[in-house]
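Examination of the molecular architecture
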Amino acid sequence: MSAPKKLFIKTYGCQMNVYDSERMAEAMGAEGYVTTEVAEDADMVLLNTCHIREKAAEKVYSDLGRLRPLKLAKPDLKIGVAGCVAQAEGEEILKRMPLVDLVVGPQSYHRLPAMAKAAEAGEKTVDTDFPEEDKFDHLPERPKASVRPTAFLTVQEGCDKFCAFCVVPYTRGSEVSRPADRIMSEARGLVGKGVREITLLGQNVNAYHGAGPNGDWTLARLVRELAKVDGLERIRYTTSHPNDMGDDLIAAHGEEPKLMPYLHLPVQSGSDRILKAMNRKHTAEEYLGLIERIRAARPDMMMSGDFIVGFPGETDADFDATMDLIRAVNYGMAYSFKYSARPGTPAAEKTPVAADIADARLQTLQALISEQQRAAQEAMVGREVSVLFEKPGRLPGQMVGKSDYLHAVHVQTDAQPGQIAKVRITKSAPNSLAGEIPGR
Ligand code: SAH
Ligand code: SF4
Ligand code: F3S
């Protein structure tokens, strides 16, 4: 038998792309490909791309440019572009980068093996369909061995919200929820392989409404059923939209101990005027009221968010309102971005805020977020939290895991990956915590 072919995948963007890359690797695995960490060794290089901001999209082209010498040295090397840039730009990619052999969108990647075969025969293919068939029905079963105790599981994909700045509704298509029984069996399979924590993924995961045995299940229902799976210890979900945060889901946070007390709930801005222009369809006050209800159900909930500064028309007063909202919420963590005009989105037609003003606002906002993040970490010192160990740390005898609040925690212990232990937090470092197992 000939040596297996090697596949190198580079993943950009969000967690759903991480999940998709795994599934693409598995689909190619069924065709005899093994993954490699070294692009130079690969027979096929696949870039799983992100289109969310201009920088992310342009990075793909510079990375493709850097593959040119490799392709010249190894003419049999096949190069594929997958993900959201593939969806958004399709044929254009082949025109701009003739070294590319195939372009496959996020809803068509079950067709990747066939496209790879065509590439081997010297044929270039582009597939950016939103096919009738469900890709998940055409992907191989997930393999037996798991390397990590945590896993992502896509339950919902696409978005119907059309925020004025965002490409996701165009690149991922409209909202589709996977049937509940498929998710349950995929989850059981993961747990059978040693997975202890599952993060349910969706662009609007809390809008989940998948077909269940007796009518549609909400995300809350799905979480409660998953919580009954023996061996599954932790459940998270991301990303949520404030307007889809149902009462049943809030209640589940108060009642279901396996549902972790960390919630990523992007708001983007604290100004009602900007929220309206963004088409977010809620006010700052409604968002704050929602967080109050969530914290009433689960008082220790660690909040995380996303912010965009410099959205067209954003004034100093609008920006101040965002700073006020951040102070009111007190985030444990947040991501913030300078607005990036994206082709085809309504906001791209509007006059942007001057770059230096947007830069200054981003710095101001990030300083406040860092301060809150540091305070949230320091508040953990002296507390006992549960930690799911994931892998050895850098020091001998050290393990790294995540607390319920998603903080990375370093502990000296002989615990194995996949074990959960009570840990007393002793120290807060810039991006992690240190702790010890009490009574030792
Ligand atoms: N579905 C999620 C987020 C998807 S994109 C939600 O509804 O919140 C992740 C984040 O990227 C967004 O929350 C937003 O903060 C940021 N983002 C999206 N489009 C952007 C753009 N054009 N410019 C800058 N940031 C953007
Ligand atoms: Fe983009 Fe808005 Fe949909 Fe989130 S809700 S993916 S920001 S359009
Ligand atoms: Fe990027 Fe597509 Fe995810 S645009 S953030 S990879 S949904």
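Now for a description of the structure that goes with this document. (Residues numbered from 1 in each chain as written. Chains lettered and ligands numbered in written order. Predicted model: local features only at pLDDT ≥ 70, side-chain atom pairs only at ≥ 80, totals over all residues. Heavy atoms only, no water.)

**Focus on the packing of aromatic side chains**
Counted only if it meets this: Centres within 6.5 Å make a pair out of two Phe, Tyr or Trp rings, where for Trp the six-membered ring is used; the pair is then stacked when the planes are under 30 degrees apart, edge-to-face when over 60, and tilted otherwise. Secondary structure is summarised from DSSP: a helix means a run of H or I of at least four residues, a strand means a run of E of at least two, and numbering begins at the N terminus for each. Classification of residues uses two cut-offs on accessible area relative to the type maximum, computed with a 1.4 Å probe and protein chains only: under 20% is buried, over 50% is exposed, and between them is partly exposed.
For the structure shown, the criterion picks out 5 aromatic pairs. When the ring of Tyr19 is compared with that of Phe136, the centres are 6.5 Å apart and the planes differ by 55°; the resulting orientation is tilted. Remark: Phe136 occurs in the loop between strand 6 (125-127) and strand 7 (150-154) and Tyr19 occurs in helix 1 (residues 15-29); sequence separation between them is 117 residues. Take Tyr19 and Phe136: they sit in the same class, and that class is buried.

**Focus: the pairing of strand 17 (residues 384-392)**
Convention followed: Pairing between two strands requires that DSSP report at least two bridges joining them.
Sheet topology places strand 17 next to strand 20 (residues 420-429); 5 bridges connect them, and they run antiparallel. Residue pairing in the sheet places Val385 in a bridge with Val423 of strand 20. Across 5 bridges, strand 17 lies against strand 18 (residues 398-403) in antiparallel orientation. The residue of strand 18 that forms the bridge with Val387 is Ser403.

**Description of the environment of Val100**
Applicable threshold: Whether two residues are in contact is decided by their heavy atoms: any pair within 4.5 Å suffices.
Looking at where Val100 falls in the secondary structure, it is placed in the loop between helix 5 (91-96) and strand 5 (102-104). For Val100, a relative accessible area of 0% puts it in the buried group. On a C-alpha basis, the gap between Val100 and Lys71 in space is 9.8 Å, while along the polypeptide they are 29 residues apart. Discounting chain neighbours no more than four positions away, the residues touching Val100 are Leu64, Ile79, Val81, Ile93, Leu94 and Lys124.

**Describing the pattern of salt bridges**
So the rule is basically this: Salt-bridge detection follows one rule: a side-chain nitrogen of Lys or Arg within 4 Å of a carboxyl oxygen of Asp or Glu.
If you walk through the whole model with that rule in mind, you get 39 salt bridges. Taking the shortest distance from any N to any O, the salt bridge between Arg234 and Glu197 comes out at 3.2 Å. In this pair, Arg234 sits in strand 13 (residues 234-238) while Glu197 sits in strand 10 (residues 197-201), placing the two residues 37 residues apart along the sequence. The exposure class of Glu197 is buried, given its relative accessible area of 5%. Beyond isolated ion pairs, a larger network of salt bridges with shared partners links Glu22, Arg23, Glu26, Arg142, Arg148, Arg178 and Glu186.

In short, geometric facts, not functional conclusions.
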